[in-house]
Amino acid sequence: MTDYAGTFGVGESPTWTAGGFTLRASTPGWLVAYRVKAVSVDLGVAAAAAFACYALRFGTDELNSAWWLVVVAPVWVVALTAAGAYRVQVLGTGSDEYRAVGRAVTVLAFAIAIVSYVGRLDLPRSVVLPLVPAVLVGSLIGHAVVRSGLFRRRHAGECLLDTVVVGRSDSVASLIREITSAPETGMRIVGACISGLDGQRSDLPTIEGVRVYGPPEAALTTVDTLGATVVAVSSHPDLVGTPLRRLGWALAERGVDLFVSPGIVEVAGPRLSLRPAAGLSLLHVERPISSGGRMVVKRALDSVVGLLLVVVALPVLLLIAVLIRATSPGPVFFRQERVGVHGLSFRMVKFRTMVVDAEERLLAMSREGQSNSVLFKDRRDPRVTSVGRVLRRYSLDELPQLINVLLGDMSLVGPRPPLRREVDLYEPDAVQRLRVRPGMTGLWQISGRSDLDWEQSLRLDLWYVDNWSPVLDLQILVRTFKAVLGGSGAY
């Protein structure tokens, strides 16, 4: 085992020094601009919400006497700052930014209550009560809009942090593939330092198209040479304890962030937490949520939102029913046995998009040209009717599944509801999909829909089962509208 304890010396001189003092790496200009834009959006949202809520209740003539409305916006930004919504580590990455907004609204509510009590202000409840949720929703939408612009730039190769990956060759290769496939994470791999190198610097290899600059001991030199702002350490038995601690110290002097991959795959951040024990930091992986209060909340939201959607979509449902009856002989609805939570069967309802004898004609059809080896999906399926193609493209055929949601057979968000014959082909891992209710939409719906192969569909469903949360469900629902309106991957 290589001893890296003395390799990452804190006293080594970084690239940026002046007068004997280390200068931290400057924050990238795009990151400063992103933070300014986020703060500006939050100020505007809070100010607009405050004045709108007051004007709707008392009219515009009383605005001059409501001096406290001016304070709402800066207090909201202070609350967001205290909740960590503007930290570099969360801006534009993952769901922590949205969680910070959720925490900040609690701070805002308490601040209003305390100021009102201490200052003996008689703030009108008819204004304050709608103000808090309005600020929350407005900021969530604002951050999502600002982030979408950042994502577009990252997919274009901009606004990325230069990253050096350190570790064992196989784990480094896997980490490079994951980071490269997801530019929204904000990292660009510019170099790698891997263990097990026997050659000299002149014949160093490349890994996943990334140049290798030497063994892990060369990490600091590589960072200085490339001007990297992030070091990502993949799972490595030698880079733990004191060596990793010293590497962190040396990188801190350079203003470089250190990310460590714990080697746990398909586990979302909210399930991971550090537990101190006897001077050590133990990584606690929480059990996937399959029961308890949050499942009750999920079911309640399914019922309430599902009922509202049925009422709103009723005219569309009636119009689609008329078109189906007018253009194709047969029933309006198609009912089929599907497998739900814990393997229990239920009858799923959809608008009929195929000819009446579609199931009988399935066995005679070729599987050539399919993208999925388990689910039968054919781009040129001759069984689909003309109206059915439009319904499928925009997922309108799935609207009657709201009935299944109200009955408790399905959820608004979850894995795709499988057929019994598909479940019979499941490997042991795939059975885990049945731990939660299937959904009308899910990660499969917003990540390619029918273009996904079976392995991709399964991976997304298993990730959702292990890591679902109310916030994730909300994000999927919002992204579903975009995916459906685009019509990509549906046939």
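The preceding data block contains the structure.
Described below are features of the structure shown in this document. This is a predicted model, so every value here is computed, not measured. (Residues numbered from 1 in each chain as written. Predicted model: local features only at pLDDT ≥ 70, side-chain atom pairs only at ≥ 80, totals over all residues. Heavy atoms only, no water.)

Helices and strands together make up the secondary structure of the chain, namely 15 helices and 14 strands. Across the 491 residues in the chain, those meeting the buried criterion constitute 44%. Pairs at least 24 apart in sequence give 70% of the contacts found in the chain among residues at least 6 apart. As displayed, the chain offers around 25900 Å² of accessible surface, 61% of which is attributable to carbon and sulfur atoms. (Helix = DSSP H or I, 4+ residues; strand = E, 2+ residues; numbered from the N terminus. Buried < 20%, exposed > 50% of the residue type's maximum accessible area, 1.4 Å probe, protein only. Contact = heavy atoms within 4.5 Å. Areas by Shrake-Rupley, 256 points an atom, 1.4 Å probe, with all protein chains shown as cover.)

Here His342, not a glycine, exhibits a phi torsion of approximately 60 degrees, which is positive. Mapped onto the secondary structure, His342 falls in the loop between strand E11 (333-339) and strand E12 (345-351). At Ser395, a residue that is not glycine, the phi angle is positive and equals roughly 55 degrees. Inspection of the secondary structure puts Ser395 in the loop between helix H10 (386-393) and helix H11 (401-407).

Counting residues in each nonpolar core, the largest one holds 28 residues, and the members touching the most others are Trp68, Trp76, Leu80 and Leu131. Contributions of two or more residues to this core are made by helix H1 (29-58), helix H2 (69-83), helix H3 (96-118) and helix H4 (125-155). With eight residues, the top contributor of residues to this core is H2. Sequence-distant contacts of Leu131, that is, excluding residues within four places in its chain, are made with Ala49, Ala50, Cys53, Trp68, Val72 and Ile112. Counting residues in hydrophobic clusters, the runner-up holds 23 residues, among them Leu150, Leu161, Val165 and Ala232. (Core = buried A, V, L, I, M, F, W, Y, C linked by side-chain atoms within 4.5 Å.)

This brings us to a nonpolar patch on the surface. Together, Val297, Leu301, Val304, Val305, Leu308 and Leu309 line one region of the surface with nonpolar side chains, adding up to about 480 Å² of accessible area. Along the chain, the position of Val297 falls in helix H8 (residues 293-327). A relative accessible area of 42% places Val297 in the partly exposed class. (Patch = residues over 30% accessible without salt bridge, like charges linked within 9 Å, V, L, I, M, F, W, Y side chains within 5 Å. Salt bridge = Lys/Arg side-chain N within 4 Å of Asp/Glu carboxyl O.)

Moving on to the sheet that holds strand E4 (residues 187-194). The strand order E5-E6-E4-E3-E7-E8 describes an open sheet built from six strands, whose pairing is mixed. Looking at which strands have only one partner, the edges of the open sheet turn out to be strand E5 (206-207) and strand E8 (257-260). Bridge count for strand E3 (residues 161-167) against E4 is seven bridges, and the pairing is parallel. Residue pairing across strands places Asp162 opposite Arg188, the latter belonging to E4. (Pairing = 2+ DSSP bridges.)

Along the chain, Arg437 falls in the loop between helix H12 (420-423) and strand E14 (439-441). Through-space distance from the C-alpha of Arg437 to that of Gly408 is 8.4 Å; in sequence the pair is 29 residues apart. Not counting residues within four places of it along the chain, the set of residues in contact with Arg437 comprises Arg299, Val341, Gly408, Asp409, Met410, Ser411, Val413, Gly414 and Pro415. Separated by 2.7 Å, the side chain of Arg437 and the backbone oxygen of Gly408 make a polar contact. (Polar contact = N/O pair within 3.5 Å; in protein donor to acceptor, adjacent residues only side chain to side chain.)

The next thing to look at is H4. Under the 1.5 Å per step criterion, the end-to-end length of H4 is 45 Å for 31 residues, consistent within 8% with the ideal 45 Å. If you look at H4, its biggest bend is around 25 degrees, right at Leu131, and the proline Pro133 turns up within four residues after that. Immediately downstream of H4, the backbone of Gly157 shows phi near 90 degrees, a positive value. (Expected span 1.5 Å × (residues − 1). Bend = angle between axes of the 7 residues up to and from the residue.)

Orientation of H1 relative to H2, taken along the N-to-C sense of each, is 140 degrees, at an axis distance of 8 Å. One element, H1, and the other, H2, form an angle in the oblique class. In terms of crossing hand, the pair formed by H1 and H2 is right-handed. Contacts between H1 and H2 involve Val39, Asp42, Leu43, Ala46, Ala47, Ala50, Phe51 and Tyr54 on the former and, on the latter, Leu69, Val70, Val72, Ala73, Pro74, Trp76, Val77 and Leu80. The residue inventory of the contact of H1 with H2, partitioned by class, reads 15 nonpolar, no polar and one charged. (Axes fitted to C-alpha atoms, helices over the stretch in contact; angles between N-to-C directions. Parallel < 35°, antiparallel > 145°, perpendicular 65-115°, else oblique. Left-handed = near helix turned anticlockwise from the far one by under 90°. Nonpolar A, V, L, I, M, F, W, Y, C, P; charged D, E, K, R; others polar.)

Let us look at the packing of H1 against H4. The N-to-C vectors of H1 and H4 enclose an angle of 150 degrees; their axes lie 8 Å apart at closest approach. With respect to each other, H1 and H4 are oriented roughly antiparallel. In this structure, H1 crosses over H4, and the sense of that crossing is right-handed. Per-class residue counts for the contact of H1 with H4 are 18 nonpolar, five polar and five charged.

Turning to the pairing of E12, a few remarks are in order. Burial runs high along E12: five of the seven residues are buried. Adjacent in sequence and paired antiparallel, E11 and E12 are bridged by five residues, among which His342 carries a positive phi angle near 60 degrees.

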